[in-house]
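Read off the chains here:
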Amino acid sequence: PALAPGQRFGRTRTWPERAPILGADGAPLVASGEAISVGLQPGRIQDRAQVESTLERVLDVSPARVRSALAQPWVRPDLFVPITEVRPDRFATVRPELEPVAGVFFQRGAGRLPATDAFAPQVLGTLGEITAERLEQLGAPYLMGDRVGLAGIEGARERQLAGGPSGEVRLREAGGRVVQVLHRFPGTAPEPVRVILDPAVQQAAHQALAGVTRPAALVAVDSATGDVRAIVSRPLNEAFNRALVGQYPPGSTFKIVTTAGLLSGGLRPDETVPCPAETNAGGRTFVNFESGALGPVPFATAFAQSCNTAFVSLSSRLSGPALAETAARFGFGSSYDVGMPVASGRFPVPGDATERAAAAVGQGRVLASPLHMASVTAAVASGAWRAPRLFADGSQGDVKPLDGGVAAALRALMERVVREGTGTAAARPGQVIGGKTGTAEFGSGDPPPTHAWFVGYRGSLAFAIVVEGGGVGGRVAAPIAARFLDAAPR
């Protein structure tokens, strides 16, 4: 009612400084601070291919990310389009390579950066200008132009990390002078998010996969609690987090589960079992890797050498529902919430003898994420399967105890794999390490391509490694495990 001619309403709106993401030790993994924004001015770009290749080579920014940023509807030829942020110390080293590229520009200001480069980028996530889709998801009080979490923890915990904006509704004269403050909005304080990632274990996992040129993942968990200690997904510049949501046939790593069922059914590790070069189940011929054959051997030897035909023959001792029930005790079929998108393990009940034989060696319709296979290995190490947990404020999920005798026998079998079986490349002097290799077929071909797996544990640290299309688990993934264990704290 007091609005005079020429006066108008206005408002201010200020977001508080975003809260940090903390690690298991309470130290910041991501925090706000001074940063250099590396971006593009579209009208100045002379060679798009050069821009994309340079940003990928120097800053590990994928060409797809560049193309997506330039395709936003608000982009104009004369605008600065931010692509990524770097710390001032790193900018000093990369500037000579970026500055000569036409169209690449820099802005200094407040930013959001990880404490160290390449620290779980797909997990920590990214910040960026809000998209139409994200605005629809978040609703009030967000507006176009706001910077928000777009992926990873930054996206999953956006409201907690960002808090809420404060501001005022004001009465202004035509020239802009404030006549009266009509209302104040106090805003909401942001709160830190604490994850259970261990910086030392995470760094060890990152180092272990450095130099691996194929897509790969490594997940480590604390077997006693289910707490996730490290997550690495490569390539680092891909948004897809294969460590958490990738689904792969687990191959021979699933023999851990099959063995648990066989042991529960009365099989003894010293029992003699057949390991021919090939065997038949339901009309399908199954073979060993590179057509190997051991002949009649103790089951412990068949496990250590990962004899497929032995497991195919033994699968007749387990019905499809019984094998599925054993898989369920290792979390297959469970859905667990770690606060971010994850894929667990999938084990459909086999329909016939052929499906049951394939499932027994981790093929057929069996699928698992690296996160889930790390939880399977942790179950052997601790004696109980625990749903993984990533956030310190997350509740403990399902716990499924294993039979004590079965768990002890599995540990002895897995330790033999590393001591004298297919996993000797993961052995470390003076250390007790349990493991299982996997060479999992996928796709088509004769022979079909294979993913390379290694799952293992040392003490309370359990882990899973997969290299997509990497070949043989014992030759490719087991050496990565050795590098990981060398760098991880004991």
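Computed from a predicted structure; not experimentally measured. (Residues numbered from 1 in each chain as written. Predicted model: local features only at pLDDT ≥ 70, side-chain atom pairs only at ≥ 80, totals over all residues. Heavy atoms only, no water.)

## A look at the sheet that holds strand E8 (residues 166–172)
Then, in step 1: Pairing in this open sheet of 3 strands is antiparallel, and the strands run E1-E8-E9 from one edge to the other. The open sheet is flanked by strand E1 (8–14) and strand E9 (178–185), the only strands paired with a single partner. Strand-to-strand twist in this sheet, taken as the mean axis angle between neighbours without regard to direction, amounts to 25°.
Then, in step 2: Where E8 lies against E9, 6 bridges are found, and the strand directions are antiparallel. By the bridge assignment for E9, Arg172 is matched with Val178. (Pairing = 2+ DSSP bridges. Helix = DSSP H or I, 4+ residues; strand = E, 2+ residues; numbered from the N terminus. Axes fitted to C-alpha atoms, helices over the stretch in contact; angles between N-to-C directions.)

## Re the environment of Ala118
Then, in step 1: Relative to the helices and strands, Ala118 is located in the loop between strand E5 (104–114) and helix H4 (121–124).
Then, in step 2: On the accessibility criterion, Ala118 (30% relative accessible area) is partly exposed.
Then, in step 3: Ala118 sits 114 residues away from Val232 along the chain, and the two C-alpha atoms are 9.4 Å apart.
Then, in step 4: Beyond its immediate chain neighbours, meaning those up to four positions away, Ala118 contacts His206 and Leu236. (Buried < 20%, exposed > 50% of the residue type's maximum accessible area, 1.4 Å probe, protein only. Contact = heavy atoms within 4.5 Å.)

## Focus: the nonpolar core
Then, in step 1: Ranked by internal contacts, the top residues of the largest apolar core, which has 86 residues, are Ile153, Leu197, Phe299, Phe330, Phe332, Phe347 and Leu390.
Then, in step 2: Other than its neighbours up to four places away in sequence, Phe330 contacts Val257, Ala260, His372, Val376, Ala379, Val380, Trp385, Leu402 and Leu410.
Then, in step 3: One finds Ala208, Ala216, Ala230 and Leu461 within the second-largest nonpolar core, a separate group that totals 27 residues. (Core = buried A, V, L, I, M, F, W, Y, C linked by side-chain atoms within 4.5 Å.)

## Topic: the side chain of Ser233
Then, in step 1: Structurally, Ser233 is set in strand E12 (residues 228–234).
Then, in step 2: Reaching out from Ser233, the side chain makes a polar contact with the backbone oxygen of Phe240 at a distance of 3.5 Å.
Then, in step 3: Within the structure, the side chain of Ser233 is placed 3.1 Å from the backbone nitrogen of Arg242, a separation counted as a polar contact.
Then, in step 4: Apart from the residues lying within four places of it in its own chain, the contact partners of Ser233 are Gln122, Ala216, Ala217, Phe240, Asn241, Arg242 and Ala243. (Polar contact = N/O pair within 3.5 Å; in protein donor to acceptor, adjacent residues only side chain to side chain.)

## Examining the state of the cysteines
Each disulfide consists of a covalent bond between the sulfur atoms of two cysteine residues.
Then, in step 1: Summed over the entire model, instances satisfying the criterion amount to 1 disulfide.
Then, in step 2: What pairs with Cys275 in a disulfide is Cys307, and their sulfur atoms sit 2.1 Å apart. Here the S-S torsion is close to 110°, and the disulfide linking Cys275 with Cys307 is therefore right-handed. Of the two residues, Cys275 sits in the loop between strand E13 (272–273) and strand E14 (278–281) while Cys307 sits in the loop between helix H11 (299–304) and helix H12 (308–314), which places them 32 residues apart along the sequence.
Then, in step 3: Classification of Cys275 as buried rests on a relative accessible area of 2%.
Then, in step 4: For Cys307, a relative accessible area of 2% corresponds to the buried category. (Disulfide = S-S within 2.5 Å.)

Everything listed here is a matter of geometry and, on its own, says nothing about what the molecule does.
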